[in-house]
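Chain residues, written in single-letter form:
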Amino acid sequence: MHSKLGKNFALKLISVIIAIILWLIAIREQNPEVTRNYDSVPVKIVNEDKFKEKGLTLVYDIPSGVNISVRGRVRDLERINAEQLQGVLDLSEVNEPGEYRLLIDIKGLPSGVTLRRKPDVIVKADYLVYKDVVITTDIDIKEAKGYLAFSHSMKPTNTVKVTGPESLIKRIYRAMVSLKLSEVSSTVEYSLPVLLMDEEGRTIESKYININPRYVTVVVPVYPTKVLPIKPNIAGVPNDNYEIVSVEVYPQEVTVSGEKSILDKIDSISTQVLDIEGATADVKQTLKLQKYEGITIAPSNPNEVEVIVRIREKDIQRSLTVDNIQIINTPEGSEVELEPTSAEIVISGPATVINSVDENSVRAYVDLANISRGEHRLKVMVDIPSGTHLVEVRPAEVTVNVK
């Protein structure tokens, strides 16, 4: 009997095991184990404060998302909420500069679901340093016709403080702002981003470089222009016997720029004072132009000019009496009578010359060449000293009787 019972128990046990196996097979067919992929699972950095406390910073951005592959039963996979999946990158294990391959933990997977392979990222760490960099400018402002652009200014500063990974900060050769405009007819004021450049002119960019300030304001004054004549500022008078003949200035005009309200009130620009007191000869001098508040001389124009004051002796007049008017070219064998026989000669010239002239320096005569017998009215001819001018002869003609 016991043998029979033992055989029945063994058969029952085998049947149960077979049933369980068949049940598992059936379950597996209904809920099989499969693989599923998820792309761009967001990555969160943790323990960044501890990382920074070590004087470290990341050099380049880490990927914003990673791709993962998970495995599990279909029903377990269906419990995954893709929006709750998150990668966690722990920086606490990085203690010094270098390049590291760090594993990323994936949070949000339900039980029964496993990662096929833990994702990883390459992280480059460096010491956090800073330096001050002077801002250079690439400003190209082309004015509209009749306007002038002046030198630009920057505010609040012309330097920036850059903070970031030592390897990147060392590469920074200059900071730069750039602005290009054309046909500008009013003052320009732009807020411009500061760019960091290496020695070869390539831009250096990283999320982990901080620029302070990141923007600067560039102001380029642009004002209308006006062409003004130059007015020499002459002081004093020449010597008593001298006078100003002319005043010359080279160049004669200059282009200036300023606010329209100021330009409208000015019609010439003066030079510094040129003193000619007691001068007896030309005075020549290079003079600076006067400065006027709100007025600027255009860069292509000189800020000084050459002024020449032409000075000569004053001309005076003098009257001389010639008692005997001479007769030349008298016809042979004839007698000649003049009426009158004297003349008054009026000459002019520089005082020093005129004052040295006397009656003996002046000759008055009539020319009888080709004159026939009879009575004639002939012009009185006069020879006067060099440097003098004939003003008048009284009488201008005399009566000549040729017998």
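Just so it is clear, the model here is predicted, and its values are computed rather than measured. (Residues numbered from 1 in each chain as written. Predicted model: local features only at pLDDT ≥ 70, side-chain atom pairs only at ≥ 80, totals over all residues. Heavy atoms only, no water.)

As a further point, take the pattern of salt bridges. As enumerated under the stated definition, the model contains 22 salt bridges in all. Taking the shortest distance from any N to any O, the salt bridge between Arg394 and Glu392 comes out at 2.7 Å. On the basis of relative accessible area, Glu392 is assigned to the partly exposed category, the value being 35%. A network of salt bridges, in which partner residues are shared, links Arg171, Asp198, Glu200 and Arg202. (Salt bridge = Lys/Arg side-chain N within 4 Å of Asp/Glu carboxyl O. Buried < 20%, exposed > 50% of the residue type's maximum accessible area, 1.4 Å probe, protein only.)

With that out of the way, let us pick up the sheet that holds strand 27 (residues 343-350). Strand order in this open sheet of three strands is 24-27-31, and the pairing throughout is antiparallel. The sheet terminates laterally at strand 24 (315-322) and strand 31 (389-394), the two strands that pair on one side only. Mean inter-strand twist for the sheet, computed between neighbouring axes without regard to direction, equals 20 degrees. Alignment of strand 24 against strand 27, held across eight bridges, turns out to be antiparallel. Paired with Gln317 across the bridge in strand 27 is Ser348. (Pairing = 2+ DSSP bridges. Helix = DSSP H or I, 4+ residues; strand = E, 2+ residues; numbered from the N terminus. Axes fitted to C-alpha atoms, helices over the stretch in contact; angles between N-to-C directions.)

What follows deals with the packing of aromatic side chains. Inspection of every chain in the model, using the stated rule, returns one aromatic pair. With 5.9 Å between their ring centres and 55 degrees between their planes, Phe150 and Tyr223 make a pair best called tilted. Residue Phe150 is located in the loop between strand 9 (147-149) and strand 10 (153-155), and its partner Tyr223 is located in strand 17 (residues 222-235); the two are separated by 73 residues in the primary sequence. On the basis of relative accessibility, which here comes to 26%, the residue Tyr223 falls in the partly exposed class. A cation sits over an aromatic face here: Lys161 above Tyr130, 4.3 Å from the ring centre. Here Arg363 stacks its cationic end above the ring of Tyr365, 4.4 Å away from the centre of that ring. (Phe/Tyr/Trp six-rings, centres within 6.5 Å; stacked < 30°, edge-to-face > 60°. Lys NZ or Arg CZ within 6 Å of the ring centre and 35° of its normal.)

A separate point is unusual backbone geometry. Of note, the bond from Lys155 into Pro156 is cis; its omega dihedral lies within 30 degrees of zero at 10 degrees. Of note, the amide linkage connecting Tyr250 to Pro251 takes the cis form, showing an omega dihedral of -5 degrees. Turning to its location among the elements, Pro251 is positioned in the loop between strand 18 (242-250) and strand 19 (253-258). Of note in the backbone geometry, Asn329 takes a positive phi value of approximately 60 degrees without being a glycine. Within the element layout of this structure, Asn329 appears in the loop between strand 25 (326-328) and strand 26 (336-339). A positive phi angle is found at Asn370, which is not glycine, with a value near 65 degrees. With respect to the element layout, Asn370 can be found in the loop between strand 28 (363-367) and strand 29 (374-379).

Among soluble globular proteins, nonpolar side chains are generally buried collectively. Counting residues in hydrophobic clusters, the biggest one holds 26 residues, and the most contacted among them are Ile135, Val160, Val162, Val177, Val194 and Leu196. Taken together, the elements giving at least two residues each to this core come down to strand 8 (120-143), strand 11 (159-165), helix 4 (166-169), strand 12 (174-184), strand 13 (188-193) and strand 16 (215-220). At four residues, the largest contribution of residues to this core is made by strand 12. Excluding anything up to four places from it in sequence, Val194 contacts Ile135, Val160, Ala175, Met176, Val177, Ile211, Pro213, Arg214, Tyr215 and Val216. Phe51, Leu56, Ile62 and Leu91 belong to the second largest nonpolar core, which has 24 residues in total. (Core = buried A, V, L, I, M, F, W, Y, C linked by side-chain atoms within 4.5 Å. Contact = heavy atoms within 4.5 Å.)

Below, the discussion takes up the side chain of Asn301. Structurally, Asn301 is set in the loop between strand 22 (295-297) and strand 23 (304-313). Engagement of the side chain of Asn301 in a polar contact is seen with the side chain of Ser300, the distance being 3.2 Å. (Polar contact = N/O pair within 3.5 Å; in protein donor to acceptor, adjacent residues only side chain to side chain.)

The three strands lie next to each other as 26-32-29, forming an open sheet whose pairing is antiparallel. The open sheet terminates on both sides in strands that have one partner only, identified here as strand 26 and strand 29. Geometrically, the sheet is characterised by an average inter-axis angle of 25 degrees between neighbouring strands, direction not taken into account.

Let's shift gears to the layout of surface pockets. Roughly 230 Å³ of internal volume is contained in the largest pocket. Every residue lining the largest pocket is counted, 14 residues in all, and those nearest its centre are Ile45, Glu48, Leu58, Lys207 and Tyr208. The set of elements that each furnish at least two residues to the lining of the largest pocket consists of strand 1 (33-46), helix 2 (48-53) and strand 2 (56-58). Top element by residues in the lining of the largest pocket is helix 2. It accounts for three residues. Of the residues that constitute the lining of the largest pocket, the class distribution is eight nonpolar, two polar and four charged. By volume, the second largest pocket amounts to about 200 Å³. (1 Å grid on protein atoms, 1.4 Å probe; cavity = no way out; pocket = protein on both sides within 12 Å on 5 of 7 lines; lining within 4 Å. Points joined across faces, edges and corners; volume = space filled by probe spheres on them. Nonpolar A, V, L, I, M, F, W, Y, C, P; charged D, E, K, R; others polar.)

Any functional reading would require information that these geometric values do not contain.
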